[in-house]
Amino acid sequence: MALKCGIVGLPNVGKSTLFNCISSGKAQSANFPFCTIEPNIGSTIVPDERLQVLEKLVKPNRVVPATVEIVDIAGLVKGASKGEGLGNQFLGNIRETDAIIHVLRCFDDPNIVHVDGSVNPVRDKEIIDTELQIKDLDTVESRISKVQKQAQTGGDKNAKRMYDILVKFKEVLEQGKSARTVKFENAEDEKMSKELFLLTNKPVLYVCNVDEASAKDGNKYVDMVKEAIKGEDAEMLVVAAKIESEIAELESFEEREMFLAELGLESSGVSRVIRSAYSLLNLETYFTAGVQEVRAWTYPKGAKAPQAAAVIHTDFEKGFIRAEVIKYDDFVKYGSENGCKEAGKLGVEGKEYIVQDGDIMHFRFNV
């Protein structure tokens, strides 16, 4: 399943620099607003050390990691919801993504122009939030006017349910809060709420773009952002995008590791961003492992075996018979599928089995 994340933020906060680091695309990066006009789209692998371990054990012909699609969306400005800057075009690009990576400028540099004249990541965040909330409020009010009569007559239960959902969203949006702060009591309401595709109902990862000196421990701007998002259902990471771009240019793995060590970092900001985006959407990975191919497959956390099998092919779900499952740690311990079989560590699971992150699976099906 494809994961699509949109990188958003004000102009000149480091969006395109971050995009260049984490994708195979090369967005133009320049010191003026709206340098990114059409959304740049690139893809990158999801870092997973388990694949390297499996490759050494199985020695397959090829290894296929999970991937993430990244969209670099041009800088929003105040008034975007009313068409200012390149407003509506970019709000539409955000709507098509599964999650938002919101880049905030958390560094001082007199040589890089700030669209509002000074560095204040909390103010910047609120500008973007407000524009997205205004757009969502327009969407909600428009839908309310369409379903209100149906809901009041009582003949359409779904209309009544949708009306109640819309009213909840309207209340929080009018308070200057994002739609994702609304919590629903049952799964059906949650599902219906997602069908509205509200911009502020998407999972969000705040990326504080800092200078090299702040890459490890952050700075006063990062502290401001931490305080500002306390009440939100959101994640935050500190990344020095400029340094990350230099690391990405290094050819060898050893050189990159040395660079990170000098900065006091255990892993690159790019890897952390991708992994965080992955977990943000409650996604996990299972593996298939054979001589022809070792491959990582992305599935929604909590999926049962037939639904996870459908990620490979829908026929696997339609004709599902059983799943043969080996836990990753057992595979590493016993060194092979045969070793796991001999040790009694290959489980046979049915339709109700909930797939676990890292499972090594083989599906039996008949269509």
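See above for the structure.
Residues numbered from 1 in each chain as written. Predicted model: local features only at pLDDT ≥ 70, side-chain atom pairs only at ≥ 80, totals over all residues. Heavy atoms only, no water.

Asks: Could you give me a rundown of the pattern of salt bridges, with the residues and numbers involved?
Replies: All told, the structure shown has 18 salt bridges when counted by the stated rule. A salt bridge links K4 to E69, with the shortest nitrogen-to-oxygen separation between them at 4.0 Å. Here K4, found in strand β1 (residues 4-8), pairs with E69, found in strand β4 (residues 67-72); they are 65 residues apart in sequence, far enough to count as distant. Accessibility expressed as a relative area gives 30% for E69, which makes it partly exposed. We note a salt bridge from E190 to K194, for which the minimum N-O separation is 3.6 Å. A residue pair is termed a helical-turn pair when its members lie 3 or 4 positions apart in one helix, as E190 and K194 do in helix α6 (residues 187-194) at four residues. Connected via shared salt-bridge partners are D48, R50 and D357. (Salt bridge = Lys/Arg side-chain N within 4 Å of Asp/Glu carboxyl O. Helix = DSSP H or I, 4+ residues; strand = E, 2+ residues; numbered from the N terminus. Buried < 20%, exposed > 50% of the residue type's maximum accessible area, 1.4 Å probe, protein only.)

Asks: So, helix α1 (residues 15-22): which residues are in play, and what are the values?
Replies: Extensive coverage of α1 is indicated by the burial of eight of its eight residues. Listed as buried for α1 are K15, S16, T17, L18, F19, N20, C21 and I22.

Asks: I'd like to hear about the sheet that holds strand β6 (residues 204-209), residue by residue, with values.
Replies: Read across the sheet, six strands follow the order β2-β4-β1-β5-β6-β7 without closing on themselves; strand pairing throughout is mixed. Here the strands that pair on one side only, and so sit at the sheet edges, are β2 (40-45) and β7 (235-239). Within the sheet, the average angular offset between the axes of one strand and its neighbour, ignoring direction, is 25 degrees. Sheet analysis places β2 next to β4, joined by six bridges and oriented antiparallel. Paired with N40 across the strands is D72, a residue of β4. (Pairing = 2+ DSSP bridges. Axes fitted to C-alpha atoms, helices over the stretch in contact; angles between N-to-C directions.)

Asks: Please give an account of helix α5 (residues 157-174) that cites residues and values.
Replies: An α-helix turns once every 3.6 residues. As a result, residues three or four positions apart point the same way. Its 18 residues place the ends of α5 26 Å apart at the C-alpha level, agreeing with the 26 Å of an ideal helix rising 1.5 Å per residue. Next to the buried residues of α5 lie α4 (121-153) and α6. Following α5 by one or two positions, G176 has its phi on the positive side, about 80 degrees. (Expected span 1.5 Å × (residues − 1). Contact = heavy atoms within 4.5 Å.)

Asks: How would you explain the packing of aromatic side chains if you had to name every residue and give the values?
Replies: Under the criterion given, the structure shown has six aromatic pairs. Plain terms: the ring middles of Y286 and Y299 are 5.7 Å apart, the flat faces sit at 45 degrees to each other, and that makes the pair tilted. Pair noted here: Y286 is in strand β8 (residues 283-289) and Y299 is in strand β9 (residues 293-300), with a separation of 13 residues, a long-range link. The burial state of Y286 is the same as that of Y299; both residues are buried. Chaining the aromatic ring pairs together yields one cluster made of Y286, Y299, F316, F320, F363 and F365. Here R295 stacks its cationic end above the ring of W297, 4.3 Å away from the centre of that ring. (Phe/Tyr/Trp six-rings, centres within 6.5 Å; stacked < 30°, edge-to-face > 60°. Lys NZ or Arg CZ within 6 Å of the ring centre and 35° of its normal.)

Read these as geometric descriptors, not functional statements.
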